[in-house]
Amino acid sequence: MAKRTVTIQDVARYAGVSRTTVSDALNGTGRVSESTREAVTRAAEELRYRPNTAAKSLRTSTTGTIGIHLPEAMTRIDYYLQIIFGALEAAAAADVDVTLITSRRLGSNARPRVDGVIVIDPLSDDEIAQKLLDLDVPIVTLEQSPGQRSDGVVTADHEGALTELLEHLGDLNVRAPALLASPAVTDWGGRIQQRYREWCAERGLSALITERPFGSSPAAYAEALRDLFALRPDIDAVVCGPEGSALVALDVLENLHKRVGRDVLVAALVDNTSLVYTDPPITAIDLAPRAAGASCVEVLIDLVRGRRPRGGADVPLPIRVEYRASTAGRATSHR
């Protein structure tokens, strides 16, 4: 005989509350005390209750699905993939489905069937991102959207982390730091370039910047670095923005017969596991990509379920500098 499916009425009877209370407690809606919410959750777990998502969608006019948009240029970059993994883990924990929204999926004027959308690092020239930001569903962005306000923003203090890193280089008597930059078409890219220029101006140093598009090849980064050193052979530190470019810097500096960590200090603005195992290991800023993805999902679910006001959900993302031997210099004053 087939086992009977546990219903919401069974949970209500088991917990000694009404069906409405069970629904509110499990969906995070309504006015339910914490003790009642815990009792209902415990009852649902003990009975192994599984919500009927199809029926729930009909009742609430929601799809139970959120969308995530990542521009194609960023799909080959590990940092962004880690964000997606973090988002998927958080969505699974909240029993929410995720659909990836691509340019082909939104090529026409078709509206994606989702309850809300996450836009990762919106590009100022990304037409798809702009279309999504105009939708009448809750929108969360990782970092600010250029020129347009979303309902919720997860953002990190990139200026603070970069300043800490540059001050560390300054303490090691760096006088000609160069920045291999990501383009300023994202909030992150623009803020990094601006803070670097400000810091150089504050110390009376020349700002040495070369920029390459997102998703550029290692050969493009190598060419950019060689051009910088041809222009300024006295460069004594290289700060690498694009993920993977710090690894390229090691090869370029070796070919130039410069010792990394002594003749030229090297740091990355995007940490990666591989940077721990290079020779020498590379100082980098840990942008906490998995935590970023999870935080975006949590904020969006709160907006969809009415637990946060739209337009007022700004959430800070903690990041930190991981100091390693590539910025040891002739001193050992790691912070």
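Right above here is the structure, for reference.
Not measured: the values here are computed from a predicted model.

Comments concerning the overall build of the chain
Reasoning step 1: Along its length, the chain carries 11 helices and 12 strands.
Reasoning step 2: For the chain, the residues scored as buried account for 50% of the 335 residues in total.
Reasoning step 3: Carbon together with sulfur atoms contributes 50% to the accessible area of the chain, which is approximately 16400 Å² in total.

Side note on the nonpolar core
Reasoning step 1: Within the largest apolar cluster, 82 residues are counted, with the highest numbers of intra-cluster contacts made by Tyr80, Ile118, Ile120 and Leu269.
Reasoning step 2: At eight residues, helix α11 (residues 289-304) tops the list of elements feeding residues into this core.
Reasoning step 3: Dropping the residues within four chain positions of it, Ile120 is found in contact with Ile68, His69, Leu70, Pro71, Tyr80, Ile83, Ile84 and Leu142.
Reasoning step 4: In this structure, Leu132, Leu135, Val137 and Ile139 belong to the second largest nonpolar core, which totals 11 residues.

Quick word on a nonpolar patch on the surface
Reasoning step 1: A contiguous nonpolar surface patch, about 230 Å² in accessible area, is contributed by Leu81, Phe85 and Leu88.
Reasoning step 2: Of the residues examined, Leu88 reaches a relative accessible area of 38% and is grouped as partly exposed.

As for the environment of Leu225
Reasoning step 1: Mapped onto the secondary structure, Leu225 falls in helix α9 (residues 218-231).
Reasoning step 2: Residues Leu225 and Cys240, 15 residues apart in the sequence, show an inter-C-alpha distance of 9.8 Å.
Reasoning step 3: If sequence neighbours within four positions are ignored, Leu225 has contacts with Leu180, Val238, Ser245, Val248, Ala249 and Val252.

Focus on the sheet that holds strand β7 (residues 208-211)
Reasoning step 1: Taken together, six strands build an open sheet; the order of strands is β7-β6-β8-β9-β10-β12 and the sheet is mixed. Edge positions in the open sheet fall to β7 and β12 (320-322), since each of these has one partner strand only. When the angles between neighbouring strand axes are averaged without regard to direction, this sheet yields 20°.
Reasoning step 2: The sheet strands contacting helix α8 (residues 187-202) are β6 (177-181) and β7, and the helix crosses β6 at an angle near 170°.

Looking at helix α10 (residues 245-255)
Reasoning step 1: Of the positions making up α10, those classed as buried are Ser245, Ala246, Val248, Ala249, Leu250, Val252 and Leu253.
Reasoning step 2: His257 lies just past α10 and shows a positive phi near 60°.

Let's talk about the sheet that holds strand β5 (residues 152-156)
Reasoning step 1: Read from one edge to the other, the open sheet built from six strands follows the order β2-β1-β3-β4-β5-β11, with strand pairing classed as parallel. Looking at strand neighbours, the two that pair on one side only are β2 (97-101) and β11 (313-317), the edges of this open sheet. Averaged over all pairs of adjacent strands, the angle between strand axes in this sheet comes to 20°, irrespective of strand direction.
Reasoning step 2: The pairing of strand β4 (residues 139-142) with β5 spans three bridges and is classified as parallel. Looking at the pairing, Leu142 lines up with Val154 of β5.

Considerations on the pairing of β11
Reasoning step 1: Of the two faces of β11, only the one carrying Ala313, Val315 and Leu317 is buried; Asp314 and Pro316 on the other face are not.
Reasoning step 2: Here β5 runs beside β11; their pairing, made up of five bridges, is parallel. Bridging from a neighbouring strand, Ala156 pairs with Leu317 of β11.

Some thoughts on the layout of surface pockets
With a probe scaled to a water molecule rolled over the atoms, the places where space remains empty come into view.
Reasoning step 1: Computed from the structure, the second largest pocket encloses a volume of approximately 310 Å³.
Reasoning step 2: Looking at the lining of the second largest pocket, the elements with two or more residues in it are α5 (78-93) and α9.
Reasoning step 3: The dominant element in the lining of the second largest pocket, judged by the number of residues it contributes, is α5, at three residues.
Reasoning step 4: For the lining of the second largest pocket, a count of residues per class yields 12 nonpolar, six polar and five charged.

Points about the side chain of Arg37
Reasoning step 1: In this fold, Arg37 is placed in helix α3 (residues 34-47).
Reasoning step 2: Buried and without a salt bridge, Arg37 has Glu34 as its closest oppositely charged side chain, separated by 4.1 Å.

Concerning the packing of α9 against α10
Reasoning step 1: Following both chains from N to C, one finds α9 and α10 inclined at 50°, their axes separated by 9 Å at the closest point. In terms of orientation, α9 lies oblique with respect to α10. Of the two elements, α9 crosses α10, and the hand of that crossing is right-handed. On α10, the residues touching Pro218, Tyr221, Ala222, Leu225, Arg226 and Phe229 of α9 are Ser245, Val248, Ala249, Val252 and Leu253.
Reasoning step 2: The residue makeup of the contact of α9 with α10, split by class, is nine nonpolar, one polar and one charged.

Considering unusual backbone geometry
Reasoning step 1: With an omega of 0°, the peptide bond running from Asp279 to Pro280 counts as cis.
Reasoning step 2: In this structure, Glu143 takes a positive phi of about 75° despite not being glycine.
Reasoning step 3: If you trace the backbone, Glu143 turns up in the loop between β4 and β5.
Reasoning step 4: A residue is classified by how much of its surface remains accessible, and Glu143, at 3% relative accessible area, is buried.
Reasoning step 5: One non-glycine residue, Asn173, lies in positive phi territory at about 65°.
Reasoning step 6: One can find Asn173 in the loop between α7 (158-171) and β6.

The rules behind the values
Residues numbered from 1 in each chain as written. Predicted model: local features only at pLDDT ≥ 70, side-chain atom pairs only at ≥ 80, totals over all residues. Heavy atoms only, no water. Helix = DSSP H or I, 4+ residues; strand = E, 2+ residues; numbered from the N terminus. Buried < 20%, exposed > 50% of the residue type's maximum accessible area, 1.4 Å probe, protein only. Areas by Shrake-Rupley, 256 points an atom, 1.4 Å probe, with all protein chains shown as cover. Core = buried A, V, L, I, M, F, W, Y, C linked by side-chain atoms within 4.5 Å. Contact = heavy atoms within 4.5 Å. Patch = residues over 30% accessible without salt bridge, like charges linked within 9 Å, V, L, I, M, F, W, Y side chains within 5 Å. Salt bridge = Lys/Arg side-chain N within 4 Å of Asp/Glu carboxyl O. Pairing = 2+ DSSP bridges. Axes fitted to C-alpha atoms, helices over the stretch in contact; angles between N-to-C directions. 1 Å grid on protein atoms, 1.4 Å probe; cavity = no way out; pocket = protein on both sides within 12 Å on 5 of 7 lines; lining within 4 Å. Points joined across faces, edges and corners; volume = space filled by probe spheres on them. Nonpolar A, V, L, I, M, F, W, Y, C, P; charged D, E, K, R; others polar. Lys, Arg positive; Asp, Glu negative; His and termini not counted. Parallel < 35°, antiparallel > 145°, perpendicular 65-115°, else oblique. Left-handed = near helix turned anticlockwise from the far one by under 90°.

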